[in-house]
Structure formats: C-alpha cells, structure tokens
Amino acid sequence: MADFQTDEFFMQQALREARKAYAAEEVPIGAVIVHEGKIIARSWNQVETLKDATAHAEMLALTAAQSTLGDWRLEGCTLYVTKEPCPMCAGAIVHCRPDRVVYGLPDPKGGAAGGWINLLDSNPPLNHKCETSVGVMADECLALLQSFFKEARARTKEEKRLRKLDACDDDVSQS
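This structure is a prediction, so every number in the text was calculated from the model and none was measured.

Our next topic: helix α3 (residues 57-69). In this model, α3 (13 residues) spans 18 Å end to end at C-alpha, consistent with the 18 Å of a helix rising 1.5 Å per residue. In the stretch just after α3, Gly 70 is the one whose phi turns positive, near 70°.

Below, the discussion takes up the packing of aromatic side chains. Here the structure, examined in full by the defined rule, presents four aromatic pairs. Pairing Tyr 22 with Phe 148 gives two aromatic rings, centres 5.6 Å apart and planes at 75°, and the pair type is edge-to-face. A residue pair is termed long-range when its members are at least 10 positions apart, and Tyr 22 in helix α1 (residues 7-23) and Phe 148 in helix α5 (residues 138-174) qualify at 126 residues. One exposure class covers both Tyr 22 and Phe 148, and it is buried. Residues Phe 148 and Phe 149 carry aromatic rings whose centres are separated by 5.0 Å and whose planes lie at 80° to one another, so their mutual orientation is edge-to-face. A relative accessible area of 6% means that Phe 148 is categorised as buried. Judged by its relative accessible area of 36%, Phe 149 falls in the partly exposed class. Among the aromatic residues, those joined into a ring-pair cluster are Phe 9, Phe 10 and Tyr 80.

About the cut-offs
Residues numbered from 1 in each chain as written. Predicted model: local features only at pLDDT ≥ 70, side-chain atom pairs only at ≥ 80, totals over all residues. Heavy atoms only, no water. Helix = DSSP H or I, 4+ residues; strand = E, 2+ residues; numbered from the N terminus. Expected span 1.5 Å × (residues − 1). Phe/Tyr/Trp six-rings, centres within 6.5 Å; stacked < 30°, edge-to-face > 60°. Buried < 20%, exposed > 50% of the residue type's maximum accessible area, 1.4 Å probe, protein only.

By themselves, these observations are geometric and do not establish any function.
Here's what the structure looks like:
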C-alpha cells in the first residue's frame, strides 16, 4: 500500500511539476507546499513563459500557498522542491517561514540551502531557520535536469547549423 504522507510521495508530486516545466522548455524544477498533510500549492519554473526572472518554482509556489492560507507566514508548512533553492528563493523562503524545506538535488555551485551557502540555517542570523532534508529522490531529479540540458544543447547546435545554412543560401542567392 502506498504511503501518501512521505517525503518521497511529495517529491514525486514536485517532479510532476518539473515535468510540466520540461514540456514547456523551461528548466525542469518543480515545487509543492504541504500543510497538514495536504498539498496547498504547486508550481514549476516559468521564467521564460512569464518573461519574469523571479518566476522560479519555489517563488510561485510560495505565493500560491500564501494565497491559500490567507497569510504570508507559512508556519506549519513544508516546501518540496526538486533542486536546491537559489539565493533569491532561499531568501523568500526564510521570510515566509515554512518549518521545513525538502529538496532533491543539491547545487554546490549556486545553492543557498547548504550547497554554496546556507541561508536557511540560523547563521547568518536571519529571522527564521528552516529544517532541511537533502537528497530525496536525487537521482530522479538529476536525470530530469541532465536530459533537459542534453536536449537543449542539441537544439542549440541544430539552430546554429541551420543559421549557417541560411547564411550560405543568402550568399549564393546574392551572387
């Protein structure tokens, strides 16, 4: 029997959101926020879709959860996200005050929940500290990101090849 209250179950839901981002050619990161065992918000990266650099999955999910609860404080909530939050998202998380943050894939180069720096801990002395759990379904989160970037590189290579062919065609037609 499936346990619908585990970190793995909720991370699977975040991965579903990340797949929506993938389908929209966005970096595939997904997030869900849980309160009292129920998902109250879900989102996926929409930076390109919304033409908004702040439209990260975490930011959109935080806003949706605040709307659902009718309060900017997300005490009693857990945020599940497929990749370690960046500094912008980690700062917003601290201000929203969820109890926990669970993420799949650590980001040693740019993560702000223990990878590069840790804004979710009490040092630096910010107004809130979040408990964190790292590595939940990390392999699945990594595989999705690797697949996305492999396809993106192939698309870019093909686009360059086509532009080069177009330029050659223009040169021939002008001769």
